[in-house]
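This is what each chain is made of:
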Amino acid sequence: YAEKNPQKTERNLLLLEKQILETPEDAYIWYNLGVTYYGGAKFVQAKSAFDKALIFEEGYFSEEILFNIYAKLAQIHLASHKPNFVTEFVAILQHLDASNPFPYYIKAAQNFENENFEMALENLNDVTLRNSGYWKVSESQIQMDLGNAHYKLRQLNEAISCYSESLKLDPESAVACYNLGNCLYQMGLFAEAKEMYKWAISYQDDFEAAKANLAIVNQHIEK
């Protein structure tokens, strides 16, 4: 039900919406409807469908389905910039599966939203310790996020180390190159920053922020 093809997603929605009219208390259809809305970034409708699924499920859902619902509800609240509503969902997720890395990743995202970057580092390290299974988080993305937390804390050497590791894992990451360029720029290493911005643009030719920073760093070099 999480098809990326918009036409198939729309088809699925029409079928599910028709079905729910016929069986309005079917928790599983509400769940599939929520997943489909979520896949189409219709977060308000997805939340409503998931809420209905939880009302009607009456102990019917497996822990895997419940985990998926609460994980998506947490992400919906984060996307709506309501990080303080996420805590309850994270507690439920940890109760459902204490070894799962994803609740800690959501907590780290919540920390970023609240600008608590030290706690973000702690939770990202917890993700690293548990990072396996279906909910495994991209190792490259974890290193990127660790770098972002260090950067916000002005720990530039640590940030460079994490961004470099992210780039090793994803060698054509324009964002990793851009972030490395920002660190080097902050350290006054303008020639090195210039090279990283150029690499970022070579991997993503419409990277406007990298182009803007390249122009700035060129001004410093020309002085």
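Please refer to the structure higher up on the page.
Residues numbered from 1 in each chain as written. Predicted model: local features only at pLDDT ≥ 70, side-chain atom pairs only at ≥ 80, totals over all residues. Heavy atoms only, no water.

Things to note about the side chain of asparagine 12
In plain terms, the rule: Numbering of helices and strands runs from the N terminus; a helix is a DSSP stretch of H or I covering at least four residues, while a strand is a stretch of E covering at least two. Burial here depends on accessible area, computed with a 1.4 Å probe over protein chains only, as a share of the maximum for the residue type. Under 20% is buried, over 50% is exposed, and the range in between is partly exposed. Two N or O atoms count as a polar contact when they lie within 3.5 Å, although within protein this holds only if one can serve as hydrogen donor and the other as acceptor, and sequence-adjacent residues are included solely when both atoms are side-chain atoms.
Looking at the element boundaries, asparagine 12 is found in helix α1 (residues 6–22). Since its relative accessible area comes to 10%, asparagine 12 is described here as buried. At a separation of 3.1 Å, a polar atom in the side chain of asparagine 12 contacts the side chain of arginine 11.

Points about the packing of aromatic side chains
Note the threshold: Two aromatic rings from Phe, Tyr or Trp, using only the six-membered ring of Trp, form a pair when their centres are within 6.5 Å; if the ring planes differ by under 30 degrees the pair is stacked, by over 60 it is edge-to-face, and anything between is tilted. Two limits define a charge over a ring: the Lys NZ or Arg CZ must be within 6 Å of the ring centre, and within 35 degrees of the ring normal.
Following the criterion strictly, the structure yields 15 aromatic pairs and no others. Ring centres of tyrosine 38 and phenylalanine 43 lie 5.4 Å apart, and the angle between their planes is 55 degrees; on these two criteria the pair is classed as tilted. For the ring pair tyrosine 178 and phenylalanine 207, a centre distance of 4.9 Å and an interplane angle of 35 degrees mean the geometry is tilted. Of this pair, tyrosine 178 sits in helix α10 (residues 174–186) while phenylalanine 207 sits in the loop between α11 (190–203) and α12 (208–222), and the two are 29 residues apart along the sequence. Like phenylalanine 207, tyrosine 178 is buried. An aromatic cluster of three or more residues is present, and its members are Tyr28, Tyr31, Phe50, Tyr60 and Phe61. One residue, lysine 72, lies across the ring of tyrosine 38, its end atom 5.1 Å from the ring centre. For the cation-ring pair, arginine 154 lies above tyrosine 151, with the distance from its terminal atom to the ring centre recorded as 5.4 Å.

Regarding the packing of helix α4 (residues 63–79) against helix α6 (residues 102–113)
The test is simple: The axes are straight lines fitted to the C-alpha atoms, using for helices just the contacting stretch, and the angles between their N-to-C directions are given from 0 to 180°. Just so you know how the angles are binned, under 35 degrees is roughly parallel, over 145 roughly antiparallel, 65 to 115 roughly perpendicular, and the rest oblique. Two residues form a contact once any of their heavy atoms are found within 4.5 Å.
Direction vectors running N to C along α4 and α6 enclose 10 degrees, while the axes themselves pass 11 Å from each other. With respect to each other, α4 and α6 are oriented roughly parallel. Along the contact surface, α4 presents Phe67, Ala71, Ala74, Gln75 and Leu78, while α6 presents Phe102, Pro103, Ile106, Ala109 and Gln110.

Purely geometric stuff here, so don't read any function into it on its own.
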